[in-house]
Amino acid sequence: MEQYYPVKRVIDDKGFFVDAEYEKQIDEQLVKKLYSHMYRIRTFDRKAINLQRQGRLGTYAPFEGQEAAQVGSALALNDNDWVFPTYRDHGATLTFGKSMATTFLYWNGRVEGCLTPADRQIFPPAVPIATQLPHAAGAAWAEKKKGTKNAAIAYFGDGATSEGDFHEGLNFASVFKVPVVFFNQNNGYAISVPIEKQMNSKTIAQKSVAYGMPGIRLDGNDCFAVYFETKKAFNHARSGNGPTLIEAVTWRKGAHTTADDPSKYRTEERAKDFVDPLLRLELFMKNYGYWDDAWMQSIQEKTTREVEEAVEEMEKFPPPNVEDVFDHVYAEMPAQLAKQKEAYLAHVGRK
Amino acid sequence: MTQVKETHQKSETAKQMTLIQAINDAMRLMLEEDDRTVILGEDIGKNGGVFRATEGLQEAFGEDRVIDTPLSEAGIIGTSIGLAVNGFRPVAEIQFLGFIYPAYEQIMTHVSRIRMRSMSRFTVPMVIRAPYGAGIRAPEIHSDSTESLFTHMPGLKVVCPSSPYDAKGLLIAAMEDPDPVLVLEPMKNYRSKREEVPVGKYTVEIGKGKLVREGTDVTLIAWGAMVSIAEKAAEQAEKKGISCEIIDLRTLYPIDSEIIAESVKKTTRAVIIHEAHHTGGLGNDIISIINDTAFLYLRAPIERITGFDVPVPFFSLEEHYLPTPARVVEGIEKVLHF
Ligand SMILES: Cc1ncc(C[n+]2csc(CCOP(=O)(O)OP(=O)(O)O)c2C)c(N)n1
């Protein structure tokens, strides 16, 4: 099956073109945009890990190594599209417009961390595995019924393909031919379980066959491959041709979460083939004359400032409001819940 | 009330263990003793479980008996049914109770009723272990306490140990039980204390509660992580001259109505403490048991100190969801001064 689903690439590990088809479509603006977003989310990710170690954030799910997959796909979206992320896709949601401070808040156990800009349709991160795939199919279905050109993207990991919701989501999407892109980041592991123990199929892309939709396998560390292939899948969707399954082959560089210890279950043997997506883009930029030290420095400074300000904003955020425990469960609070709220507020001396 | 089948010199045969170590110990013993035992779940093999409940077991017993499964709760429970009806004794780990819902259908429609549907021709002697509960600053959905969904499921037994000793004894009893048993493990108690646990095999009878503190004025009824909340509340009440008796239910189905009735007849008042949501919570069944068995002894309506009818909040607010000793003391005073 692997031969039917070759890993698509635009550039190789050393940053040279392997697929000339895209050469003309790549310009300075795109290159710098991809780089600056990837640099930005990596800085965020490393900061979050540090904050967690200092006890300033709760458990955090890092994505280092997956920047090209998340940025490349998120930049392929239109502003009115729908995004259904997991707990590891805040790189994608940051790229699509969610703020850093809000993203930090999420990891600090604040429900406000689920809020996204009013002009972006980003679902709160799915914590139960694979449950967001049917949602994406449904939101895309609604767009189709409404006759728009909007589409949806669902992010999910390799482990997610074992859950029933994965299959149900893909099946609905293909039966009703809805404009959705199922974007898998195959990062090698579902917590401790390597892909070979997760499934007996060699690729995730081949699972598309069962659902009669295109399946694409690409190098998830090649931001161009991710960007152009996701764009194609969206064009396919927007033209009324239905869903696509994309498998972006990448690598989870660090632990599953800050509460996990990967030395228990993995050797670094496999990591040696991994080429840092950011470094790869840097090499490309140097090879083809896009690299510019002064620009890089400005990106660094801007990002450092943004991250510091976001941390400050998170830490200065008003303390959580007890009433939020009760207020958003129903549109209109049932009387018995209202009584519980009233009694509790009296207990804590708020009324 | 607890049944220790083995009686040896304490110093030789008991070891200080945390609740999670006691659980590990129970599984190790049963893997050694009974070839039919298989342990399966997500990350339980090489990783030894995200809480280390199965630490070292795959190394000791091999990948055929301690099995890392694909990420699929319905698959884990569904295949465990097949294993159980066909000669094995599966112990399935669900990583967190909040992730059991994909398997809910398998548990509700098959695990719990295969015996009935086949008139005992097929049975599913299997165990499902699931850590549950709030208060450890876990990410959202990791903190559910939805035991009522499972006590409302005829054919299934539900146990919920609060101490290392009970955890080992109940888990072994569950593994030897001819019927399916859900073992709810309070995450908050996993490492909160150590106690002497016999090294050998013993069981704690399913369906029996435990008197953890004697008192005369009011009965506190709790299980899992709420037992220590009850204990703290009892200490605070004691300073006010109130004497609390505490019952740890240990089994949530079938429930030990005798221990409840006996205690309430003595104290004449009751406060039930559970972290699960208020409406539809097990507290309601306990009130019915008291009505049925000790109604004329009651001197005050029974109080319930529970979680609210809201999803367990994100961890920055979870302390406001969970019953606290202060809320329990308020309840105690209310029943005393009725
Ligand atoms: C239904 C469900 N079961 C178990 C878990 C616990 N859990 C959280 S992440 C994870 C592994 C997910 O792996 P994968 O889908 O490959 O995504 P990745 O974390 O690698 O991005 C597991 C088992 C969960 N969140 N939801």
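Rules used throughout
- Residues numbered from 1 in each chain as written.
- Chains lettered and ligands numbered in written order.
- Predicted model: local features only at pLDDT ≥ 70, side-chain atom pairs only at ≥ 80, totals over all residues.
- Heavy atoms only, no water.
- Helix = DSSP H or I, 4+ residues; strand = E, 2+ residues; numbered from the N terminus.
- Rg over C-alpha atoms; globule rule 2.2 N^0.38 Å.
- Buried < 20%, exposed > 50% of the residue type's maximum accessible area, 1.4 Å probe, protein only.
- Core = buried A, V, L, I, M, F, W, Y, C linked by side-chain atoms within 4.5 Å.
- Contact = heavy atoms within 4.5 Å.
- Pairing = 2+ DSSP bridges.
- Axes fitted to C-alpha atoms, helices over the stretch in contact; angles between N-to-C directions.
- Near = heavy atom within 4 Å.
- Areas by Shrake-Rupley, 256 points an atom, 1.4 Å probe, with all protein chains shown as cover.
- Nonpolar A, V, L, I, M, F, W, Y, C, P; charged D, E, K, R; others polar.
- Buried area = accessible area lost by both parts, 1.4 Å probe.
- Polar contact = N/O pair within 3.5 Å; in protein donor to acceptor, adjacent residues only side chain to side chain.
- Patch = residues over 30% accessible without salt bridge, like charges linked within 9 Å, V, L, I, M, F, W, Y side chains within 5 Å.
- Salt bridge = Lys/Arg side-chain N within 4 Å of Asp/Glu carboxyl O.
- Phe/Tyr/Trp six-rings, centres within 6.5 Å; stacked < 30°, edge-to-face > 60°.
- Expected span 1.5 Å × (residues − 1).
- Arc of directions from axis to C-beta.
- UniProt positions renumbered as here; feature names shortened; annotations may be inferred.

1. Digging into the overall build of chain B
Thought 1: The number of helices and strands found in chain B is 12 helices and 14 strands.
Thought 2: Expected size for 338 residues packed as a compact globule is a radius of gyration near 20 Å; at 20 Å, chain B falls within 12% of this value.
Thought 3: Its C-alpha atoms put chain B at 60 × 45 × 45 Å along the principal axes.
Thought 4: In chain B, which comprises 338 residues, the share counted as buried stands at 62%.

2. Details of the nonpolar core
Thought 1: Core analysis: the largest hydrophobic core is formed by 109 residues, its most contacted members being Ile 26, Phe 104, Phe 224, Leu 281 and Phe 284 of chain A together with Met 27 of chain B.
Thought 2: Broken down by element, this core gets its largest block of residues, 11 residues, from helix H1 (residues 28-53) of chain A.
Thought 3: Residues contacting Ile 26 of chain A, with those up to four places away along its chain left out, are Val 10, Phe 17, Val 31, Phe 224, Phe 228, Phe 284 and Tyr 290 of chain A.
Thought 4: In terms of nonpolar packing, the next biggest core, distinct from the first, is built from 43 residues, Trp 223, Leu 252, Ile 272 and Ile 289 of chain B among them.

3. Section: the sheet that holds strand S9 (residues 210-213) of chain B
All names here are of chain B.
Thought 1: The strand order S9-S11-S10-S13-S14 describes an open sheet built from 5 strands, whose pairing is mixed. Strands at the two margins of the open sheet, each flanked by one partner only, are S9 and strand S14 (303-306). Geometrically, the sheet is characterised by an average inter-axis angle of 25° between neighbouring strands, direction not taken into account.
Thought 2: Looking at chain direction, strand S10 (residues 218-222) and strand S11 (residues 244-248) are connected through 5 bridges and run parallel. Each bridged residue has a counterpart across the sheet, and for Val 218 the counterpart in S11 is Cys 244.
Thought 3: Across the face of the sheet, helix H11 (residues 282-294) comes into contact with S10, strand S13 (270-274) and S14 while running at roughly 155° to S13.

4. Some words on the site of the ligand
Thought 1: Near the ligand lie 20 residues; those nearest to it are Tyr 87, Arg 88, Val 127 and Gly 159 of chain A together with Glu 73 of chain B.
Thought 2: Residues lining the ligand come from chains A and B.
Thought 3: With the chains in place, 96% of the 580 Å² that the ligand exposes on its own is no longer accessible.
Thought 4: Of the residues in the shell around the ligand, the class split is 10 nonpolar, 5 polar and 5 charged.

5. Points about the interface of chain A and chain B
Thought 1: Contacts between the two partners involve 39 residues from chain A, matched on the other side by 38 residues from chain B.
Thought 2: Sorting the residues of chain A by area buried against chain B places Lys 264, Val 325 and His 347 of chain A first, and these three jointly supply 19% of that buried surface.
Thought 3: The interface formed by chain A and chain B holds 10 residue pairs in polar contact (both at pLDDT 80 or more) in total.
Thought 4: Those elements giving two or more residues to the side of chain A that touches chain B turn out to be helix H4 (100-107), helix H7 (195-198), helix H11 (324-327) and helix H12 (335-347) of chain A.
Thought 5: Of all the elements, H12 of chain A adds the most residues to the side of chain A that touches chain B, at 5 residues.
Thought 6: Considering only residue class, the side of chain A that touches chain B consists of 21 nonpolar, 12 polar and 6 charged.

6. Digging into a nonpolar patch on the surface
Thought 1: Nonpolar side chains collect at one region of the surface, where Phe 172, Val 175 and Phe 176 of chain A lie side by side and expose about 280 Å² of accessible area between them.
Thought 2: Topologically, Phe 176 of chain A is positioned in the loop between helix H6 (164-175) and strand S4 (180-186).

7. What to know about the packing of aromatic side chains
When we look at a pair of aromatic rings, we describe it by the centre distance and by the angle of the planes.
All names here are of chain A.
Thought 1: In total, this model carries 33 aromatic pairs over all chains according to the counting rule given.
Thought 2: Each ring, one from Trp 82 and one from Phe 84, has its centre 6.0 Å from the other, and the planes form 15°; the classification is stacked.
Thought 3: Given the relative accessible area of 2%, Phe 84 is considered buried.
Thought 4: Note on Trp 141 and Phe 172: the rings are 6.4 Å apart at their centroids and 65° apart in plane angle, and the pair reads as edge-to-face.

8. Observations concerning helix H8 (residues 164-176) of chain B
All names here are of chain B.
Thought 1: Between its first and last C-alpha atoms H8 spans 19 Å; for 13 residues at 1.5 Å apiece the expected length is 18 Å, and the two agree.
Thought 2: The buried fraction of H8 is high, at 12 of 13 residues.
Thought 3: Those residues of H8 lying buried are Pro 164, Tyr 165, Asp 166, Ala 167, Lys 168, Gly 169, Leu 170, Leu 171, Ile 172, Ala 173, Ala 174 and Met 175.

9. Brief notes about the pattern of salt bridges
Thought 1: As enumerated under the stated definition, the model contains 45 salt bridges over all chains in all.
Thought 2: For Arg 252 of chain A, the salt bridge is made with Asp 260 of chain A, and the minimal N-O distance between the two is 4.0 Å.
Thought 3: In this structure, Asp 179 of chain B and Arg 115 of chain B form a salt bridge, with 2.7 Å as the shortest nitrogen-oxygen distance. Remark: Arg 115 of chain B occurs in helix H6 (residues 114-117) and Asp 179 of chain B occurs in the loop between H8 and strand S7 (181-186); sequence separation between them is 64 residues.
Thought 4: Several salt bridges share partner residues, and in doing so they unite Arg 42, Arg 46, Glu 64, Glu 67, Lys 253 and Asp 276 of chain A into one network.

10. Comments concerning helix H9 (residues 226-239) of chain B
Residue and element names in this part refer to chain B.
Thought 1: Over its 14 residues, H9 runs 20 Å from end to end, which matches the ideal 20 Å to within 8%, given 1.5 Å per residue.
Thought 2: Met 226, Val 227, Ile 229, Ala 230, Ala 233, Ala 234 and Ala 237 are the residues of H9 that are buried. The buried side chains of H9 occupy one side of the element, clustering within an arc of 150° when seen end-on.
Thought 3: Buried residues belonging to H9 abut S9, S10, S11, S13 and helix H12 (325-336).
Thought 4: Once H9 finishes, Gly 241 follows within two positions and takes phi at roughly 80°, a positive value.

11. Looking at the UniProt feature "domain: Dehydrogenase E1 component" (unreviewed entry) in chain A
Thought 1: According to UniProt, the feature "domain: Dehydrogenase E1 component" (unreviewed entry) maps to residues 38-322 of chain A in the numbering used here.
Thought 2: The distance separating the terminal C-alpha atoms of residues 38-322 of chain A is 37 Å; by composition the span is 44% helix and 12% strand.

12. Observations concerning the sheet that holds strand S3 (residues 66-68) of chain B
Residue and element names in this part refer to chain B.
Thought 1: Reading across from one edge, S3-S2-S4-S5-S7-S6-S12 is the order of the 7 strands in this open sheet, with mixed pairing throughout. Lying at the two open borders of the sheet, with one neighbouring strand each, are S3 and strand S12 (251-253). Averaged over neighbouring strand pairs, the angle between their axes works out to 20° when direction is ignored.
Thought 2: Summarising the sheet, strand S6 (residues 157-159) and S12 pair through 2 bridges and their orientation is antiparallel. For Val 158, the partnering residue across the bridge sits in S12 and is Tyr 253.

13. Some remarks on the pairing of S11 of chain B
Residues and elements named next belong to chain B.
Thought 1: S11 sits mainly inside the fold: 5 of its 5 residues count as buried.
Thought 2: What you see with S11 is no split at all: Cys 244, Ile 246 and Asp 248 on one side and Glu 245 and Ile 247 on the other are buried throughout.
Thought 3: The pairing of S9 with S11 spans 3 bridges and is antiparallel. Directly across from Leu 211, in S11, lies its bridge partner Ile 247.

14. Focus on the environment of Gly 220 of chain A
Thought 1: For Gly 220 of chain A, the location among the structural elements is in the loop between strand S7 (215-219) and helix H8 (223-241).
Thought 2: Non-local contacts of Gly 220 of chain A, meaning those with residues more than four positions away in its chain, are made with Ala 68, Ala 69, Val 226, Ala 248, Val 249 and Thr 250 of chain A.

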